[in-house]
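# Breakdown of the fold
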Amino acid sequence: MATPPDSASAKARIERLTRRLQRSEAAREEAEAILERRSRELLQANEQLMERESDLRARLERETQHLIRAQRTARMATFHRYRGSRLAASPAFNSLLGISTEAKPSEQTLWEAIHPFDRDKIHRAEAEFYQSAAAGIDHEYDCRILRDGEVRWIRWIIRKEVDDQGRFVSFIGAVQDITEQRTSERRARALALVAERRVRQLTRLSDALRESRRAAEAALRVKADFLAAISHDIRTPLNGILGMLDLLSLDALRVDQRERLGIAQDAANQLHRYIEDIVDMAQAEEGALEYWPRRVDIHRQLEDVIRFWQGGGRSGPTPALELETASATELTLVTDPVRLRQILNVYIERLAERGMPIRIGTQRRSGRLDIRLSCPGDEQDPLAADPRRWALLQRLATTIGAQIRPLNVRARAGVVLSLPLAADEASPGVAYDVSGVQETAGPRLDRDEPRVLVVDDIETNRVVLTQLLQVMGYVSDIACDGDEAVEKVLDGDVAYDAVLMDLRMPRMSGEEAVACIRSTADPRWQRLPIVAVTAHANREELAGLRARGFTEAMTKPVDRQRLSAVLRRVLDTASLDGASDVEALPDATARAQDEALPAPIEPDYFRTLFKPLPASRRDLLLKVAIDDFERLIQELEAGHAHDSADEIERAAHSLKGVSGNFGAFSLMAAVEAYRALPPEAAAARLPALREQVAGVIDHARDLFASLDSD
């Protein structure tokens, strides 16, 4: 049976409503499930938040405690205030300001804490802060407070906050005890003032020192000029005295005359050495004096000393000198007789002031010879109260390797001079050949009577030199200045085998004359031996003379033995066309290519300096010297590479000193010439200088090897 339309419609509607209801139930169930899930999540989140809040509270509490402790350690406290509220501060605020911990910070308590002297200042600062202080930046105020009866300094650091209309909202700040900081700052300022004052004082002292240095340098130049002048003025007449005494000794004399002549020669030689000592000590206050050793008969030396004093050796009463009989035994040692006599003379003079007989005796002990000088008395050392004289005697004793000690004998005053007996122990100083220069009977040359030109503006010097040459078998001519010497040499009418040339002469000096002679193209004049005879030069200056064209150089006074030895060397060298191992230093710009170069190191100087030393000591000195030469030439090259004038000057100065100390006088003169060149020319000269240094090193090795083989 068919369903009515109304029933079918109702049924469809019921079904549709049923489906809607089902969907609603499902949605409700799903919403309930979501709500439950969300509730559980919220509950879990709330629990986590509460746990985190607890952790944050604990952490905040810890940080707060740390901050409070840090503030207490730093003597600092914090504070703040909002508009309309009271001042709030950290726990350290009250204790920092000296306020009771139970009291609340207020304007009254703050005013009571501030020192009365600073209350007006703080009152004005407070008014300015509220009225015109900029917001958002820190403002600092320092004042004093009274805390427990003690004045303390505190610093307020406050920042103000305002609203959009510029009205005050709040402030926050910190207060800190700066008493120790201010004390430290005050001390630092005081130290800075002291330092500034010291700097000003040092600046004034530095200026005064520079001025004093300039004055001292000027005084040294004046002293050097004076020494040069007085040395020349004394050496010139002394040259005549010694020369004439030497010539007089060649004549036939009676025994008493020869004895008096010997005393005069000894006195003149001592005077010569005294003059050299004065110049040496004026130029260098410390160090050993020159040492000229030879074999000395001690008994004869002591007899000569006694004869000198008893023959009028002093202006006062003649001292009574007695040589002990036991001292008459023959004994020879190597020493410098003039230095030895200097020491003996000083003590004899001092002991003679007592007016008592002086006894001189000798005694050998343990490889040494003791010379005793004594007279009756109690004073142990006659020179104990004269330190300057004692210092000079110590220098003299050091020079000859001697020791001075007081005489330890009851009721006698005096000293003991102890000398080494071994020859290799008697060479402490820089010296000449120990054997001395042997006198020659005449010149060694292929033809008889070589001709020598004597050039000197002093007639006494000309007479002495010509007569000495005559005695030695030479023919001589004279010239009174450099101009006349150049004319005679280059004229060609007379062929000279050698020239003895003074330096300081009128019209033309000796150096100018040598430059004129060497500048000619004729190889005869370039090889002509020219010996400088000067009263001015020391060893360093002599090396410079050789580098400027002189074959050799010698100082006045001139003695016959030295003159003979020098002429023999230069004439032998000339006769062999330069093929010799002598010390001649030819002019580097005018020498012919076939002439021999100078010895890089003077052999005599070298042997005297290093032969007395043990082999191990010599090896060490050789190594040190080679290292110094190589290092200094490298420093010169580095100075040119860096274009540093200071580096170049330091290295050149050191290289010159090392060269002179080692006996490389030609290198020393080359370095001095190098220092006088402009930078470009000096750089161009550097390779040649390095080659010369290498030659010195090779020659040093050969010389040391020869010492080992002797």
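Residue numbering note: each chain is counted from 1, following its sequence as written. Side-chain atom pairs in this predicted model are given and counted only at pLDDT of 80 or more, local residue features only at pLDDT of at least 70, and totals for whole chains, interfaces and linings cover all residues. In computing side-chain values, all of the structure's heavy atoms are included and hydrogens and water are not.

## What about the overall build of the protein chain?
Scanning the protein chain from N- to C-terminus turns up 20 helices and 17 strands. In this scheme, a residue with accessible area under 20% of its type's maximum is buried, one over 50% is exposed, and one in between is partly exposed, where area comes from a 1.4 Å probe on protein chains only. By the burial criterion, 40% of the 710 residues in the protein chain qualify as buried. All accessible-area figures derive from a Shrake-Rupley calculation using a 1.4 Å probe, and residue coverage is judged against the displayed protein chains alone. Of the roughly 40,000 Å² of accessible surface on the protein chain, a fraction of 53% belongs to carbon and sulfur atoms. Strands here mean DSSP runs of E at least two residues long; helices mean DSSP runs of H or I at least four residues long; both are numbered from the N terminus.

## Focus on the pattern of salt bridges
Salt bridge, as used here, is a side-chain nitrogen of Lys or Arg placed within 4 Å of a carboxyl oxygen of Asp or Glu. Summed over the entire model, instances satisfying the criterion amount to 30 salt bridges. Note that Glu36 is salt-bridged to Arg40, the shortest N-O span being 3.1 Å. One end of the pair, Glu36, and the other, Arg40, are both in helix H1 (residues 5–73), four residues apart, so they sit about a helical turn from each other. Owing to a relative accessible area of 48%, Arg40 belongs among the partly exposed residues under this scheme. Arg507 is paired through a salt bridge with Asp483; the nearest N and O atoms lie 3.6 Å apart. Linking Arg507 in the loop between strand S15 (498–501) and helix H12 (510–518) with Asp483 in helix H11 (residues 482–491), this pair joins segments that are 24 residues apart in sequence. The exposed category is assigned to Arg507, whose relative accessible area is 65%. Connected via shared salt-bridge partners are Arg147, Glu150, Arg152, Asp177 and Glu180.

## Brief notes about the sheet that holds strand S13 (residues 451–455)
Only strands that DSSP links by at least two bridges are regarded as paired with each other. The parallel open sheet is built from five strands, whose spatial order is S14-S13-S15-S16-S17. In the strand order of this sheet, the two ends are held by strand S14 (475–479) and strand S17 (552–555), each with one partner. Direction aside, the axes of adjacent strands within the sheet are offset by 20 degrees on average. Here the axes come from fitting lines to C-alpha atoms, over the contacting stretch only for helices, and the angles between their N-to-C directions go from 0 to 180 degrees.

## A closer look at a positive patch on the surface
A surface patch of like charges, here positive, comprises Arg13, Arg16, Arg19, Arg20 and Arg23. The class of Arg20 is partly exposed, set by a relative accessible area of 45%. What makes a patch is a set of residues exposed beyond 30% relative accessible area and free of salt bridges, joined within 9 Å when like-charged and within 5 Å when nonpolar (Val, Leu, Ile, Met, Phe, Trp, Tyr). When charges are counted, Lys and Arg are positive and Asp and Glu negative, with His and the chain ends excluded. To locate a charge, take atom NZ for lysine, CZ for arginine, CG for aspartate or CD for glutamate.

## So, the pairing of strand S12 (residues 412–420)
Most of S12 is tucked away, with nine of its nine residues classed as buried. With burial as the criterion, each face of S12 is covered, one bearing Arg412, Gly414, Val416, Ser418 and Pro420 and the other bearing Ala413, Val415, Leu417 and Leu419. Bridge analysis of strand S10 (residues 368–376) against S12 gives nine bridges, and the strand direction is antiparallel. The residue bridging Ile371 from the neighbouring strand is Leu417, located in S12. Here strand S11 (residues 403–406) runs beside S12; their pairing, made up of four bridges, is antiparallel. Bridge pairing links Ile404 to Leu417 in S12. Linking S11 to S12, which pair antiparallel, is a turn of five residues; within it Ala411 sits at a positive phi near 65 degrees.

## Section: the sheet that holds strand S3 (residues 138–147)
As a general point, the strands of a sheet are linked pairwise by backbone hydrogen bonds and lie either parallel or antiparallel. What the five strands build is an open sheet, ordered S2-S1-S5-S4-S3; its pairing is antiparallel. Each end of this open sheet is capped by a strand with a single partner; those strands are strand S2 (88–89) and S3. One ladder, built from two bridges, connects strand S1 (residues 76–82) with S2; its direction is antiparallel. What sits directly across from Phe79, in S2, is Ala89. For this analysis, residues touch if any pair of their heavy atoms sits within 4.5 Å. Here helix H4 (residues 119–132) sits on the sheet and contacts S1, S3, strand S4 (150–162) and strand S5 (168–177); the angle it forms with S3, its principal contact strand, is near 155 degrees.

## Some thoughts on helix H7 (residues 298–310)
Because an α-helix completes one turn every 3.6 residues, residues spaced three or four positions apart along the sequence face the same direction. Multiplying 1.5 Å by the helix residue count minus one yields the expected span of that helix. Under the 1.5 Å per step criterion, the end-to-end length of H7 is 18 Å for 13 residues, consistent within 8% with the ideal 18 Å. All of the buried residues in H7 are Ile298, His299, Gln301, Leu302, Asp304, Val305, Ile306, Phe308 and Trp309. Distance and chemistry together define a polar contact, namely a pair of N or O atoms within 3.5 Å, with one atom able to donate a hydrogen and the other to accept it when in protein, and with adjacent residues in sequence counting only for side-chain atoms on both sides. Looking at where H7 begins, the residue whose side-chain oxygen comes 3.1 Å from the main-chain nitrogen of His299 is Asp297.

## Focus on the packing of aromatic side chains
The geometry of an aromatic ring pair comes down to the distance between the two centres and the angle between the two planes. What counts as a ring pair is set by centres within 6.5 Å for rings of Phe, Tyr and Trp (its six-membered ring), and what kind of pair is set by the plane angle: stacked under 30 degrees, edge-to-face over 60, tilted for all other angles. This model, assessed by the stated rule, comprises nine aromatic pairs. Ring plane angle 45 degrees and centroid distance 6.1 Å describe the contact between Phe168 and Phe171, whose orientation is recorded as tilted. Phe171 sits in the buried class, given a relative accessible area of 9%. Three or more aromatic residues joined by ring pairs form one cluster here, namely Phe79, Phe93, Phe129, Tyr130, Trp156, Phe168 and Phe171. Should the NZ of a Lys or the CZ of an Arg lie within 6 Å of a ring centre and within 35 degrees of the ring normal, that charge is described as sitting over the ring. For the cation-ring pair, Lys160 lies above Phe129, with the distance from its terminal atom to the ring centre recorded as 5.7 Å.

## Considering the packing of H11 against H12
Between H11 and H12, the least distance of the axes is 8 Å, while the angle of their chain directions is 20 degrees. Accordingly, the angle class assigned to the pair H11 and H12 is roughly parallel. With respect to the hand of their crossing, H11 and H12 are arranged in right-handed fashion. Along the contact surface, H11 presents Gly482, Val486 and Val489, while H12 presents Ala513, Cys516 and Ile517. Partitioned by chemical class, the residues of the contact of H11 with H12 number five nonpolar, one polar and no charged. Should an angle lie under 35 degrees it is considered roughly parallel, over 145 roughly antiparallel, and from 65 to 115 roughly perpendicular; all remaining angles are considered oblique. Crossing handedness is read from the near helix: turned anticlockwise from the far helix by less than a right angle, it gives a left-handed crossing, and turned clockwise, a right-handed one. Nonpolar residues are Ala, Val, Leu, Ile, Met, Phe, Trp, Tyr, Cys and Pro. Charged residues are Asp, Glu, Lys and Arg, and all others, Gly as well, are polar.

## Some thoughts on the nonpolar core
Working definition of a nonpolar core: buried Ala, Val, Leu, Ile, Met, Phe, Trp, Tyr and Cys residues. They are joined through side-chain atoms within 4.5 Å. Within the largest apolar cluster, 34 residues are counted, with the highest numbers of intra-cluster contacts made by Ile343, Leu344, Ile348, Ile371, Leu373, Ile404 and Leu417. If you list the elements that add at least two residues to this core, you get H7, helix H8 (337–352), strand S9 (358–365), S10, helix H9 (387–399) and S12. The element best represented in this core is H8, accounting for eight residues. Look past the residues within four positions of Leu417 in its chain and what remains in contact with it is Leu340, Ile343, Leu344, Leu369, Asp370, Ile371, Ala402, Gln403 and Ile404. If you look at the next biggest cluster of nonpolar residues, it comprises 30 residues, including Ile626, Leu686, Leu703 and Leu707.

## What about the environment of Leu468?
Topologically, Leu468 is positioned in helix H10 (residues 459–471). Look at Leu468 and you get buried, because its relative accessible area is 0%. Expressed as a C-alpha distance, the spacing of Leu468 and Gln561, which sit 93 residues apart in the sequence, is 9.9 Å.

## Considerations on the environment of Ala411
The residue Ala411 is located in the loop between S11 and S12 in this model. In this structure, the C-alpha to C-alpha distance between Ala411 and Gly377, residues 34 residues apart in sequence, is 5.3 Å. Those residues in contact with Ala411 that sit more than four places away from it in its chain are Cys375, Pro376, Gly377 and Asp378.

## What about the pairing of S10?
Judged by how many residues are buried, S10 sits mostly within the fold: seven of nine residues are covered. Bridge count for S9 against S10 is seven bridges, and the pairing is antiparallel. Of the residues in S10, the one forming a bridge with Arg364 is Leu369. Between S9 and S10, which pair antiparallel in sequence order, lie two residues; one of them, Ser366, sits at a positive phi of approximately 50 degrees.

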